[in-house]
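Residue-level structural notes
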Amino acid sequence: MDDAHTEDSDPNASAVDALGHKLTAVGGGKGGVGKSLTSVNLATYFALQGRRVVLIDGDLGGADLHTLLGMAPPRLSLASFIKREVETLDEILVETPVPGLKLMAGGSDILGLANPQFAQKMKLIRHLKKLAADEVILDLGAGTSFAVLDLFNAAAERIAVLTPDPTAIQDTYAFLKTALHRRLKRDLAARNAPDEALKDTILEAIEGGSGRRVATIEELRERVAGVSEEATSKLDAILADYRPWVILNMATTAEGRATADSLGKVARDFISMELRHAGTVERDPEMARSVRRMRPHLLDHRDGPRWRDFSGIAANIIAGRSGAPAAPRVRAHTAIDPPPLPKDALS
Ligand SMILES: Nc1ncnc2c1ncn2[C@@H]1O[C@H](COP(=O)(O)OP(=O)(O)OP(=O)(O)O)[C@@H](O)[C@H]1O
Ligand SMILES: [Mg+2]
């Protein structure tokens, strides 16, 4: 998670803050796959383990985490912060029915702000890093708006939630690719970057000017290596650091493993991204019922099978933080088998 070249004010910086918590963003692109339910239950699990947890409703288009927690819409929300009605994020934190878990609500009138200005995002990230908590979990909305991508990229830890459906696999792959492209463009080819040749090389490779779009990140790396050694090292550092977790939801353990493996292979081969499988949450009618009861499932089932799912996921995420060395950069392969994606999703 070493990202020394990025500054505190850069929303793409890895957000390991001075207080020691890591900002964990939960995204993945596909709607309705269980991002929010996973965020709520992971947050609940951590809180019931005695950690101080902040759960943030980062779904700027349709905030509803308070409902999953059985709460009325809090008076103050992220919208209040973005609209400068409050000075600090602490002012909008509210207690939840889960001991140790505080919620930062998204606000229902935030739709018009779903694409906040870059400066607003930078400010939000700076303030998120200052929160006093052991875990900060940011639940993102579906899609690939700049707001979603920038918040996903700004987090120190990234989780993509998906189901084993082919459409979810495709959307997740497309989401991760788009997020990485945005990160590379911002870090290596920012509008005000001095090296025009490098900028042109990267934009042409990613955006495909004059039919020169690359098929793989490895190919992009070769082009970057042709223009700048420094940028090549930066690119390698970004790739070594950018290792999202995947959580398979509504799947059996075997389906989860197989899906993580096949998505992992495509991500490695085409976008040089090492995915880490945090675990699988099985489809469980009790999970769906918890939504209707407006109560986090784990709060009432501290020893059940879903508790064990989340305990495994949390253990993997925590183990991943204990200084495990970054995976070596992976070389792209030309063959994939079997590709779960249509050809045009790969370019
Ligand atoms: N493990 C599960 N077992 C059974 N049902 C589940 C499970 N996970 C999610 N669901 C069902 O899927 C629905 C959608 O979940 P959730 O709201 O968490 O998705 P989301 O990805 O956050 O959606 P959005 O993209 O709209 O934010 C839940 O209301 C619930 O009915
Ligand atoms: Mg959601």
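For the structure itself, consult the block above.
So, a few notes on the structure that sits alongside this text. All values reported here derive from a predicted model rather than from experimental measurement.

When helices and strands are counted, the protein chain shows 13 helices and eight strands. Residues classed as buried in the protein chain amount to 45% of the 347 residues present. Restricting the contact set of the protein chain to residue pairs at least 6 apart, pairs at least 24 apart contribute 77%.

Our next topic: the nonpolar core. Counting residues in hydrophobic clusters, the biggest one holds 97 residues, and the most contacted among them are Leu 55, Leu 138 and Val 246. Residue contributions to this core peak at nine residues, all from helix α6 (residues 166–188). Non-local contacts of Leu 138, meaning those with residues more than four positions away in its chain, are made with Leu 23, Thr 24, Ala 25, Val 26, Ile 56, Gly 58, Leu 151 and Ala 155.

With that settled, consider the pairing of strand β8 (residues 276–281). The pairing of strand β7 (residues 245–249) with β8 spans five bridges and is parallel. By the bridge assignment for β8, Leu 248 is matched with Thr 280.

Now for the site of ligand 1. In the region of ligand 1, 18 residues are neighbours, and Gly 31, Gly 34, Lys 35, Ser 36 and Leu 37 sit closest. Of all the elements in the fold, those that place two or more residues in the shell around ligand 1 are α1 (35–48) and α11 (285–293). For the shell around ligand 1, the per-class residue count stands at eight nonpolar, six polar and four charged.

Attention shifts here to the sheet that holds strand β2 (residues 53–58). Judged by pairing direction, the sheet is mixed, and its eight strands sit side by side in the order β3-β4-β2-β5-β1-β6-β7-β8 without closing on themselves. Only two strands of the sheet have a single neighbouring strand rather than two, namely β3 (93–95) and β8. Across the sheet, the mean angle from the axis of one strand to that of its neighbour is 25°, orientation sign disregarded. Summarising the sheet, β3 and strand β4 (residues 101–104) pair through three bridges and their orientation is antiparallel. Following the sheet pairing, Val 94 is matched in β4 by Leu 103. Each of β1 (22–27) and β6 (157–162) is contacted by α6, which is oriented at about 155° to β6, the strand it contacts most. Helix-sheet contacts for helix α13 (residues 305–321) involve β1, β6, β7 and β8, and the interaxial angle to β8 is about 165°.

To continue, consider the environment of Asn 249. Position of Asn 249 relative to the elements: it lies in strand β7. In sequence terms Asn 249 and Gly 34 are 215 residues apart; their C-alpha atoms lie 6.7 Å from each other. Apart from residues lying up to four places away in sequence, Asn 249 is in contact with Val 33, Gly 34, Thr 38, Val 161, Thr 163 and Val 281.

What follows concerns helix α7 (residues 196–207). Over its 12 residues, α7 runs 16 Å from end to end, which matches the ideal 16 Å to within 8%, given 1.5 Å per residue. Every buried residue of α7 is accounted for by Leu 198, Thr 201, Ile 202, Ala 205 and Ile 206. The buried residues of α7 occupy an angular sector of 115° when projected down its axis, which confines them to one face. Away from its buried face by more than 90 degrees, α7 exposes Glu 196, Ala 197 and Glu 207. As for α7, its buried residues are in contact with α6, α8 (217–227) and α9 (229–241).

A separate point is the pairing of β2. Among the six residues that make up β2, six are buried, leaving the element largely enclosed by the rest of the structure. Because side chains alternate across β2, one face comprises the buried residues Val 53, Leu 55 and Asp 57, and the other comprises Val 54, Ile 56 and Gly 58, equally buried. As judged from the four bridges shared by β2 and β4, these two strands associate in the parallel manner. Within the sheet, the bridge partner assigned to Ile 56 lies in β4 and is Met 104. Where β2 and strand β5 (residues 135–140) come together, six bridges link them in parallel fashion. Paired with Leu 55 across the two strands is Ile 137, which belongs to β5.

Next up on the list: unusual backbone geometry. Even without being a glycine, Arg 84 presents a positive backbone phi close to 65°. In this fold, Arg 84 is placed in the loop between α3 (78–82) and β3. The backbone phi angle of Ser 272 is positive, close to 50°, even though this residue is not glycine. Structurally, the position occupied by Ser 272 is in the loop between α10 (253–271) and β8. Residue classification places Ser 272 among the buried positions, given that 24 C-beta atoms sit within 10 Å.

Helix-helix packing is described using two parameters, namely the angle between the two axes and the distance between the axes. The geometry of α6 relative to α7 is characterised by a closest axis approach of 10 Å and an angle of 170° between their N-to-C directions. Comparing their axes, α7 and α6 come out roughly antiparallel. When α6 is examined against α7, the residues His 181, Leu 184, Lys 185 and Leu 188 are found in contact with a partner set consisting of Leu 198, Ile 202 and Ile 206. For the contact of α6 with α7, the residue count by class is five nonpolar, one polar and one charged.

Reading guide: rules and limits
- Residues numbered from 1 in each chain as written.
- Chains lettered and ligands numbered in written order.
- Predicted model: local features only at pLDDT ≥ 70, side-chain atom pairs only at ≥ 80, totals over all residues.
- Helix = DSSP H or I, 4+ residues; strand = E, 2+ residues; numbered from the N terminus.
- Buried ≥ 20, exposed ≤ 12 C-beta atoms within 10 Å, placed from the backbone.
- Contact = placed C-beta atoms within 7 Å.
- Core = buried A, V, L, I, M, F, W, Y, C linked by C-beta atoms within 7 Å.
- Pairing = 2+ DSSP bridges.
- Near = placed C-beta within 6 Å.
- Nonpolar A, V, L, I, M, F, W, Y, C, P; charged D, E, K, R; others polar.
- Axes fitted to C-alpha atoms, helices over the stretch in contact; angles between N-to-C directions.
- Expected span 1.5 Å × (residues − 1).
- Arc of directions from axis to C-beta.
- Parallel < 35°, antiparallel > 145°, perpendicular 65-115°, else oblique.

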